[in-house]
4 protein chains.
Amino acid sequence: MNFASDNVVGVHPDVMAAIAAANVGAQGSYGADEYTARGLDALAELFETDIAAFPVLTGTAANSLCLAAMTPSFGGVLCHADAHVMVDECGAPELFTGGAKLIGLDQPAGKLTPDGISDRLAQFVRGEHDPLPSTVTITNATELGTVYTPDEVGAIAEVAHGRGMRLHVDGARFANALVSQGCAPADLTWRAGVDALSFGGTKNGAMALEVVVLFDRALAEGFAHRRMKTAQLLSKGRFLGAQLEAYLADGLWLDTARHANAMARRLAEGLDAAGRVRLPLPTQANEVFPIMPAGLFAHLEASGAHLYEWPGVGPGTDVIAEGEVFARLVCAWTTTSEQVDELVAAVAGWDG
Amino acid sequence: MNFASDNVVGVHPDVMAAIAAANVGAQGSYGADEYTARGLDALAELFETDIAAFPVLTGTAANSLCLAAMTPSFGGVLCHADAHVMVDECGAPELFTGGAKLIGLDQPAGKLTPDGISDRLAQFVRGEHDPLPSTVTITNATELGTVYTPDEVGAIAEVAHGRGMRLHVDGARFANALVSQGCAPADLTWRAGVDALSFGGTKNGAMALEVVVLFDRALAEGFAHRRMKTAQLLSKGRFLGAQLEAYLADGLWLDTARHANAMARRLAEGLDAAGRVRLPLPTQANEVFPIMPAGLFAHLEASGAHLYEWPGVGPGTDVIAEGEVFARLVCAWTTTSEQVDELVAAVAGWDG
Amino acid sequence: MNFASDNVVGVHPDVMAAIAAANVGAQGSYGADEYTARGLDALAELFETDIAAFPVLTGTAANSLCLAAMTPSFGGVLCHADAHVMVDECGAPELFTGGAKLIGLDQPAGKLTPDGISDRLAQFVRGEHDPLPSTVTITNATELGTVYTPDEVGAIAEVAHGRGMRLHVDGARFANALVSQGCAPADLTWRAGVDALSFGGTKNGAMALEVVVLFDRALAEGFAHRRMKTAQLLSKGRFLGAQLEAYLADGLWLDTARHANAMARRLAEGLDAAGRVRLPLPTQANEVFPIMPAGLFAHLEASGAHLYEWPGVGPGTDVIAEGEVFARLVCAWTTTSEQVDELVAAVAGWDG
Amino acid sequence: MNFASDNVVGVHPDVMAAIAAANVGAQGSYGADEYTARGLDALAELFETDIAAFPVLTGTAANSLCLAAMTPSFGGVLCHADAHVMVDECGAPELFTGGAKLIGLDQPAGKLTPDGISDRLAQFVRGEHDPLPSTVTITNATELGTVYTPDEVGAIAEVAHGRGMRLHVDGARFANALVSQGCAPADLTWRAGVDALSFGGTKNGAMALEVVVLFDRALAEGFAHRRMKTAQLLSKGRFLGAQLEAYLADGLWLDTARHANAMARRLAEGLDAAGRVRLPLPTQANEVFPIMPAGLFAHLEASGAHLYEWPGVGPGTDVIAEGEVFARLVCAWTTTSEQVDELVAAVAGWDG
């Protein structure tokens, strides 16, 4: 019953097989290999447009590199108060940008709204004493398991572009958002006005695969140097390329995401039926965030379940009372119905 | 006949098998997995001392992180003019250190000498207008295929420590240096006064494995944060741990290095016998640097050989004449006698 | 009626005279002059201890340099949500520290409390994904015209030191805080546990004089380089030294601060008596923060008064209603009773 | 006999008088004052074009800010091996640019040549492993007292622009270069292709006055923020504005530069006539660089003269023999004929 994270699990067999299969003969290093070429071609086809795309090694790197390409050192980045870039990356964006300022907005359900962004921008009254508002970044699916629709993304892009800012999407769980919306990748990104995307594969079945996807080609200028300077250019790049190729082949990435999302829905429904917890947020991707009595949380841990008490500003749609825990349960591509049902049974069986 | 680099080849089967074998069940993420624990234990045992060690994803990252731990933003780093940190990392050390100054010394055979370092330090006469001399970094085996002996390392450490500086070794080809010297890992590092080592595995049979090894434990303070902030902490860390474990098991890393070195010696001897090139440097590791007529270089390329004209300050022990090329030929753990002999035959067969 | 800021006014005649008097003959550059030597001696005497002190050119530089000396690039700095370092310096601390994370706490009256700091520190549960808590910085007098007592400073220092963090004081208005408390400079700084102080003179009668004062001498290591690297070392340093000397001579700095504080008290009392505004904060230094109807604010501006609507998180002790303005009025060393009375009369005379 | 530097002397009386005269009443802070407005207007008129200009506090800041506006973090800057930005600024350019790489070229007489630049650029063969060649910076007058002609500047600009790079001029001694050439300021800058200039006043009679002059207006985007973030925005900005206004008024800055240059010529001629030294470089600005026996150098110091043994790569036009000293003698706007003659007499009087 490991619901701690989608990075505690392994690699999809197809991806692993592709890695092993790439281990033959000599290949150009630093991304000049045939696997990377094919993988990037497939990615461009997927997005139905001409992209500049750069495989990197971690999600933090993808995000920080995108923000650095979009934000001058004296710039400001608006994000959610609980965004990964704000609270989970030890300030990597500040390093990669040369010291830009991240400004976290505390809004409900892990999502920024156009009004929330506009209100915060109205507070930039200090001229050059404020950072220059440069970038808006959202996470889709969000850190709270919710999903922005294409329309919501578009409305945020409109606000951002109207202020001369650019829009980035942290897509560590982009696949989960996409299958949740059932739209085309383009709809959830560049057609909605997204300028750059961190396209994540690691949480969804890859080993270490994050791709910086630049829809605004102006951002690509010098990006190869930027990636190298931040030590994100793998010498035996074929092993990233092979992952990408396998991840996209035959819609594997959509299958794994659909499965994880389905498990999360099953979990949410089970929890709801069990009646011992509140679910303050819709379950739109692969994560479930129940509010539960601390006793139940302890019971689950004692039952062998792995889950986290979620830090941060909370759901914003409900209040965590004294004695309650705001918990996160993550379903992965490996999660089984049995594991879900076992967790639900443990909840139902609590005699607290 | 691919002698372009030791990173154009693949991964040793034992390492690949270990990666695949690690792909079972849930494991703690971010390095909190059993493979990493065992791999780091094996590394500590190897070095016969209590080390702080941190797997990272690229050699540039390992070097830059070491330098950042050793050098304040206002510090200076002495290195060879052709050092990888100086000319091949797009200024990553400058980024990771917050702007420290790298100062390249042009000395023969890719090696710094104690006197060369002392002479350069004597030029620090500008007080705070100069950077604060903080770190000496050497590469072993060097970028020119030569190797520092334990005594040579020790003499450099003595100069550095005498000035309150620390000593780093870029060990992207540490295994090649080690088997060349036939000494213990400790002899070539901490017993000789080395404070930090970039322990490289990628060029010698791993997929993506570089380990920051800190002998001076004071450098470990906050290092986990430092690695995270630079986006070098892999979420599915087990796959680094598994590589490390397999790389060290049963001396695999020494076997692959011995093989590559032996191929380089065979190549050097063959070239020497062929009589069409000059070898300005001893072949002490897995690289051979002949000076050859440009026509021969073109002939080799036309014959299907992959090799580089080597940029930089030159061997320092011989002069490249007009019409000559200073070439680099790298042998890898995959290089075969047949490939070597084929290359030598191509040289011998040149009718230039 | 210019109450816009204490930096819209000029330089005290004594300081200006000292600058002019220093303009004779040759002097060592970069601070190696007799004026600087005497000024720094006077400063050390004032603080009754052995300090390391470095004149710099702007308050932002003093703060950012202090924070950089106290905080590694991967560190975190706790400050008030409205602190100058957080909202008025365009991210200079992030630049100078190499990307450290500033974390603003929204607490009443512009002041941090030990409990507020402890509560926030309790949220550092993410290990290396969080920045390393390194520094607490407070402003005294605060951005809201309130003042920390020595005991309050001491209590904060205790919390900080208990967590291995250091305490910095932004003393852009240190003189105003000091005369407000009527204690010795040492009492409000190192005796209370302060590790570093930005000692400000510019707002209180100097031309451009901020001094980094390091009580924790370990912070002084390399600090001269740090100042140079950030372009804060004045070549004709005598003109900073002369300012410092004159600023401290015969308690000039205390006189100017006492005057400004007295004018602020007169203003607060006048406003209180006029009965058209609320004063949500005590007037402890040289700034007054009335809440007033927007109509009155407009009336004052129309009457020729210069003042600001104050952005930020508000006083925390009262609520700004729709149609109200939270205003800041700053008294300087040049402010006269007549100017104060004129402003009060304008308030009283409003027919809104 | 202080020939140590042009920053050991004081401020021209006219500049000092202007500073004192500006000390009346309230003025907008942070550069929004009437003095700054008039000073910048005068500067634009001087350059006969529409410039974006930003007063800052030190020459290191002006240089580093210019380079930061022209060079991405992953960029490279070509400069002379002895350039101030390379050897005298403790790596400030690396900090301000976010880690760009400065590459010093060792060429004669402190001057870069188009061919020297082209040759170095031809060595950028490593793709993204090299920094992206972004900026060429020259110093005029140079660190060795020589001067680039408009044609020489233009030829360098052509090479730089041809490679998509920009050209910066460190004009710490721009006035000395200008009067040496006897041309218009525009001829030596934007008409010759210069994109940005550090316009220095401090060494030539001001107190602390350096102005970033951007001819390429694209560089001005966000520059106000950039200046603020680097802590170079003076709150009582009127005192910079007043210096600038006085410095330019009635050609004061040209008069002081002409005087200093004339004194240097007198010194060079005197030294030449005295016959005890070699002058390996033409005296084109306000500095003289004799090669002299170490005994004579010691004799001069014993005679009370202040001068420096000049570190660095040497004149490139002559060889410093064992027992010889390469010395620098700087004439300032305050230097008198008597001081010059006294120094020459001391040379002539040496009985070594």
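Above this note sits the structure.
Residues numbered from 1 in each chain as written. Chains lettered and ligands numbered in written order. Predicted model: local features only at pLDDT ≥ 70, side-chain atom pairs only at ≥ 80, totals over all residues. Heavy atoms only, no water.

Moving on to the packing of aromatic side chains. In this structure the tally under the stated criterion is 44 aromatic pairs over all chains. Residues Phe289 of chain C and Trp310 of chain C carry aromatic rings whose centres are separated by 6.1 Å and whose planes lie at 70° to one another, so their mutual orientation is edge-to-face. Within this pair, whereas Phe289 of chain C is found in the loop between strand E8 (287-288) and strand E9 (291-293), its partner Trp310 of chain C is found in the loop between strand E10 (308-309) and strand E11 (324-330), the two being separated by 21 residues in sequence. Between Phe47 of chain D and Phe215 of chain D, the ring centres sit 5.3 Å apart and the planes meet at 70°, which makes this aromatic pair edge-to-face. Of this pair, Phe47 of chain D sits in helix H2 (residues 34-47) while Phe215 of chain D sits in the loop between strand E7 (210-214) and helix H9 (223-229); the two residues are 168 residues apart in sequence, bridging distant segments of the chain. (Phe/Tyr/Trp six-rings, centres within 6.5 Å; stacked < 30°, edge-to-face > 60°. Helix = DSSP H or I, 4+ residues; strand = E, 2+ residues; numbered from the N terminus.)

Once that is clear, we can look at the relation of the copies chain B and chain D. Screw-axis analysis of chain B against chain D gives a translation of 0.0 Å along the axis, an RMSD of 0.0 Å, and a rotation angle of 180°. Both copies are brought into coincidence by an operation consistent with a two-fold rotation axis. No C-alpha of chain B lies nearer the rotation axis than that of Gly99 of chain B, which sits 2.5 Å from it. In this assembly the copies share their binding face: 100% of the residues contributing to the interface of chain B also contribute to that of chain D. (Least-squares fit on C-alpha atoms with pLDDT ≥ 70 in both. Contact = heavy atoms within 4.5 Å.)

This next bit is on the interface of chain C and chain D. Contacts between the two partners involve 45 residues from chain C, matched on the other side by 45 residues from chain D. The largest per-residue losses of area from chain C upon contact with chain D belong to Leu95, Lys229 and Lys236 of chain C, which jointly make up 19% of the total buried on that side. For the interface between chain C and chain D, the tally reads zero salt bridges. Taken together, the links from chain C to chain D amount to 24 residue pairs in polar contact (both at pLDDT 80 or more). Of all the secondary structure elements, the ones that give two or more residues to the side of chain C that touches chain D are helix H1 (13-21), helix H3 (59-70), helix H5 (92-97), helix H9 (223-229) and helix H10 (238-248) of chain C. Class assignment of the residues belonging to the side of chain C that touches chain D gives a composition of 23 nonpolar, 16 polar and six charged. (Buried area = accessible area lost by both parts, 1.4 Å probe. Salt bridge = Lys/Arg side-chain N within 4 Å of Asp/Glu carboxyl O. Polar contact = N/O pair within 3.5 Å; in protein donor to acceptor, adjacent residues only side chain to side chain. Nonpolar A, V, L, I, M, F, W, Y, C, P; charged D, E, K, R; others polar.)

All names here are of chain C. Within the open sheet, the seven strands sit side by side as E1-E7-E6-E5-E4-E2-E3. Their pairing is mixed. The sheet is open, and its two edges are formed by strand E1 (52-56) and strand E3 (101-105), each paired on a single side. Strand-to-strand twist in this sheet, taken as the mean axis angle between neighbours without regard to direction, amounts to 20°. The pairing of E1 with strand E7 (residues 210-214) spans five bridges and is antiparallel. Across the sheet, Ala53 pairs through a bridge with Val213, a residue of E7. Against the sheet, helix H2 (residues 34-47) engages E1, strand E6 (196-200) and E7, with an angle of about 130° to E1. Its contacts with the sheet place helix H7 (residues 150-162) against strand E4 (132-139) and strand E5 (166-171), and it is angled at close to 140° to E5. (Pairing = 2+ DSSP bridges. Axes fitted to C-alpha atoms, helices over the stretch in contact; angles between N-to-C directions.)

What follows is about the relation of the copies chain C and chain D. For the pair chain C and chain D, the superposition axis carries a translation of 0.0 Å, the fit reaches an RMSD of 0.0 Å, and the rotation angle comes to 180°. Looking at chain C, 100% of its interface residues are interface residues in chain D too, so the copies touch through the same face.

Before going further, it helps to examine the environment of Leu132 of chain D. Looking at the secondary structure, you find Leu132 of chain D in strand E4 (residues 132-139). Along the sequence, Leu132 of chain D and His161 of chain D sit 29 residues apart, while their C-alpha atoms lie 14 Å from each other. Every residue in contact with Leu132 of chain D, bar those within four places of it in the chain, is listed here: His225 of chain A together with Phe74, Gly75 and Gly76 of chain D.

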